[in-house]
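Here's the letter readout for the chains.
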Amino acid sequence: MGRDPLYEARHEVGRLADEFRALTRAAPPFKVVESDAELLIWDTRSDLRLGVLDGPSCSSMANYLNLVHPYSGYALAELLWRIGGHGGGGDIVNAAQSLFISMGLASRPSTWRRRR
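Residues numbered from 1 in each chain as written. Predicted model: local features only at pLDDT ≥ 70, side-chain atom pairs only at ≥ 80, totals over all residues. Heavy atoms only, no water.

### A few points about the overall build of the protein
Then, number 1: Regarding its fold elements, the protein presents 4 helices and 3 strands.
Then, number 2: For the protein, the sequential pattern of α-helices and β-strands runs α-β-β-β-α-α-α.
Then, number 3: Dimensions of the protein along its principal axes, counting C-alpha atoms only, are 65 × 35 × 30 Å.
Then, number 4: Counting over 116 residues, the protein shows a buried share of 30%.
Then, number 5: Contacts in the protein between residues at least 24 apart in sequence constitute 42% of all its contacts with a sequence separation of at least 6. (Helix = DSSP H or I, 4+ residues; strand = E, 2+ residues; numbered from the N terminus. Buried < 20%, exposed > 50% of the residue type's maximum accessible area, 1.4 Å probe, protein only. Contact = heavy atoms within 4.5 Å.)

Put into structure tokens, the structure is as follows:
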């Protein structure tokens, strides 16, 4: 008799989350900054320019990139890993809160505490 399909699907989500986590660890931390009427993608670890955004959608793209920087990417990978069978409901909610906080979409509530 085979395993439960939901178990198999959650296991696959967890496996893919591990791969995603490795990609986010490898990416340099960055932010999009305005400089002389240009929008620059800036490596904040090495203090180097990674690229320039231009065109009619560059402002929207800058907002998006500032939301999905490597720290929030890692938080997303952690959430997916939790959904993938490495935690219960409370762990998943905490991981989701961490994601939104890292994206700057939420502030840390006084009642929230990070797992160690």
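Alright, that's what it looks like, and here's the rest.
### As for the pattern of salt bridges
Then, number 1: Across all of its chains, the model carries 4 salt bridges by this definition.
Then, number 2: Arg21 is the salt-bridge partner of Glu78, the closest N and O atoms lying 3.1 Å from each other. Of this pair, Glu78 sits in helix H3 (residues 70-83) while Arg21 sits in helix H1 (residues 5-26), and the two are 57 residues apart along the sequence.
Then, number 3: Measuring nitrogen to oxygen at the nearest pair gives 3.1 Å for the salt bridge that ties Glu78 to Arg82. Of the two residues, Glu78 and Arg82 are both situated in helix H3; the distance of 4 residues between them amounts to about one turn of the helix. (Salt bridge = Lys/Arg side-chain N within 4 Å of Asp/Glu carboxyl O.)

### Side note on H3
Then, number 1: Its 14 residues place the ends of H3 20 Å apart at the C-alpha level, agreeing with the 20 Å of an ideal helix rising 1.5 Å per residue.
Then, number 2: On the buried face of H3, the contacting elements are H1, strand S1 (30-35), helix H2 (58-67) and helix H4 (89-102).
Then, number 3: Directly after H3, the chain includes Gly85, whose backbone phi takes a positive value near 105 degrees. (Expected span 1.5 Å × (residues − 1).)

### Re a nonpolar patch on the surface
Then, number 1: A contiguous nonpolar patch, built from Met61, Tyr64 and Val68 and spanning about 260 Å² of accessible area, is present on the exposed surface.
Then, number 2: Classification of Met61 as partly exposed rests on a relative accessible area of 36%. (Patch = residues over 30% accessible without salt bridge, like charges linked within 9 Å, V, L, I, M, F, W, Y side chains within 5 Å. Areas by Shrake-Rupley, 256 points an atom, 1.4 Å probe, with all protein chains shown as cover.)

### Here we look at the environment of Trp81
Then, number 1: Here Trp81 is to be found in helix H3.
Then, number 2: Spatially, the C-alpha atoms of Trp81 and Ala95 are 9.4 Å apart, while their sequence positions differ by 14 residues.
Then, number 3: For Trp81, the side chain forms a polar contact with the side chain of His86, separated by 3.4 Å. (Polar contact = N/O pair within 3.5 Å; in protein donor to acceptor, adjacent residues only side chain to side chain.)

### Digging into unusual backbone geometry
Then, number 1: Within the chain, Asp47 stands out as a residue other than glycine whose phi angle is a positive 55 degrees.
Then, number 2: Structurally, the position occupied by Asp47 is in the loop between strand S2 (38-43) and strand S3 (48-53).
Then, number 3: On the basis of relative accessible area, Asp47 is assigned to the exposed category, the value being 54%.

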